[in-house]
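Chain and residue survey
Below are the chains, spelled out letter by letter.
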Amino acid sequence: MTTVVEIANLSKHFTIRKEKSLKERVVNFGRSRAHKEDFWALRDIDVSIEAGTTVGLIGPNGSGKSTLLKMIGGILQPDTGSVSIRGRLAALLELGAGFHPDLTGRENVYLNASILGISREQTDKYFDAIVDFSGIEKFIDTQVKFYSSGMYVRLAFAVAVHVDPDILLVDEVLAVGDEPFQRKCLERIRQFQAEGRTIILVTHGLDQVDEFCDRAVVLENGRVVTDGTAREALRTLRADFEDARQEERSRQQAAPDARKELDAHFTGIALRSDSGAIGQPTLAQGEGLLVAMEIDSPVPVARPIIEIGIATPLGMSVYSTNTTLLGVEPGTLRPTSKFQVHLGGMRLGEGDYSIQVGLTLDDGTEVHRVPDAAQFSVTGPGTSAGFVGADAEFEVLS
Ligand SMILES: Nc1ncnc2c1ncn2[C@@H]1O[C@H](COP(=O)(O)OP(=O)(O)OP(=O)(O)O)[C@@H](O)[C@H]1O
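Now for a description of the structure that goes with this document. Quantities reported herein were computed from a predicted structural model and do not represent experimental measurements.

About the thresholds
Residues numbered from 1 in each chain as written. Predicted model: local features only at pLDDT ≥ 70, side-chain atom pairs only at ≥ 80, totals over all residues. Heavy atoms only, no water. Near = heavy atom within 4 Å. Polar contact = N/O pair within 3.5 Å; in protein donor to acceptor, adjacent residues only side chain to side chain. Areas by Shrake-Rupley, 256 points an atom, 1.4 Å probe, with all protein chains shown as cover. Helix = DSSP H or I, 4+ residues; strand = E, 2+ residues; numbered from the N terminus. Nonpolar A, V, L, I, M, F, W, Y, C, P; charged D, E, K, R; others polar. Expected span 1.5 Å × (residues − 1). Buried < 20%, exposed > 50% of the residue type's maximum accessible area, 1.4 Å probe, protein only. Arc of directions from axis to C-beta. Contact = heavy atoms within 4.5 Å. Bend = angle between axes of the 7 residues up to and from the residue.

1. Notes on the site of the ligand
- Taken together, 13 residues surround the ligand, and among them Gly62, Lys65, Ser66, Thr67 and His204 come closest.
- Within the side chain of lysine 65, one N or O atom sits 2.7 Å away from an oxygen atom of the ligand.
- Between an oxygen atom of the ligand and a side-chain N or O atom of histidine 204, the distance comes to 2.8 Å.
- When the ligand sits alone it has 640 Å² of accessible area, and the protein chains cover 62% of it.
- Elements supplying a minimum of two residues to the shell around the ligand: strand 1 (3-19), strand 2 (34-50) and helix 2 (65-72).
- It is helix 2 that provides the largest number of residues to the shell around the ligand, a total of 3 residues.
- Split into classes, the residues belonging to the shell around the ligand amount to 5 nonpolar, 7 polar and 1 charged.

Laid out in structure tokens, this is it:
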């Protein structure tokens, strides 16, 4: 396979100026109001991207995704390492990038296309298709500084996809388009995939990653923490988000007035299918599942609410219930308490699922949540897809 983007040992640092607090200014009397701080937005990044693949760049806010995309797009220069590109690249980076505010939409189309190496004659040929795709014909002779953010993106995306790029870079900007336009963009991205073009996508829409990307790179604090299939990457990211949430909760609990009952937590989850399979059991369609849970609590907790749910590998909930909905009173939590719930009569579609559990106090305070506590699979005759099963009987009527 041909490598079209080769990122080697790439690092980028920024210098940020911080305003000093009043106290610091008094202490450093006479010196400047600001001090400088260096920080690495990207550190030692090595990623190769093969022709024809769609790669998602994901990670928490500030992890370096847009910086990396800008470096691939050649808008930012590396401090160490290199980025090499093979082929024509079109980029849809931050809002308005590549557009001159005082020029009209029409003038910007020509300017943008010329930056991408397209001649005036070629742009003439594409012009009507670009305007038509953008859907902003009425405003094409208006200066773009009067455009809404959605109108900007419509025009920028229309240009990017009509200049015949081999590599398309798309930052989160698509999210500002309205729903019909987003759908149109995603259809075009699919068409690009079918044509064997390479796409690099920064997104917070994790379901988009699963749907569109062959591969996902997770960035955290400027470093690559996972580079693998979309599912592997999503699992890492979700687990890290949950860790961050737990850390935040521990910090709150370290406060002197922390409530001891907030230390209660799940210590074990085990599954058993009705046919006796344990661990990560595989269930036949329609088979029931027993979920056993253990909770430790340093102090007695009265009237806890225990939640249980089933989710797809992407974290989409397909079923959930709790002891209140079930009309069950779990009693008071002791140092170690054990519970079990049998989920019978399930009609899940074939595929992989995870069990989520949660513990809440009766005043609604969430105490502990485990989003991916255990996994199981459902198998069947392979005659359907999706998250529910059905006995389909197809008849030809005429
Ligand atoms: N021009 C700049 N000068 C100084 N710091 C910058 C600059 N551009 C980005 N940063 C910083 O670099 C870090 C990474 O930013 P970046 O925009 O790449 O993150 P991101 O992962 O795209 O975040 P988000 O999900 O919030 O869009 C952030 O801390 C940001 O404040």
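Next comes the rest of the account.
2. Section: helix 6 (residues 179-194)
- Helix length check: helix 6 (16 residues) gives 23 Å between terminal C-alpha atoms against 22 Å at 1.5 Å per residue, within 8%.
- Here helix 6 has its buried residues at Phe181, Cys185, Arg188, Ile189 and Phe192. The buried residues of helix 6 all sit within an arc of 105 degrees when viewed along its axis, so they share a single face. For helix 6, exposure combined with an orientation more than 90 degrees from the buried face picks out Glu179, Pro180, Glu187 and Ala194.
- Where helix 6 is buried, its residues contact helix 4 (120-134), helix 5 (149-162), strand 6 (167-170), strand 7 (198-202) and helix 7 (206-212).
- Glycine 196 sits one or two positions beyond helix 6 and adopts a positive phi of about 80 degrees.

3. Description of helix 4
- Along its length, helix 4 reaches its greatest deviation from straightness, about 45 degrees, at tyrosine 126.
- If you check which residues of helix 4 are buried, you get Thr123, Phe127, Ile130, Val131, Phe133 and Ser134.
- In this structure, the buried side of helix 4 is in contact with helix 3 (105-115), helix 5 and helix 6.
- One or two residues past the end of helix 4 sits glycine 135, with phi positive at roughly 70 degrees.

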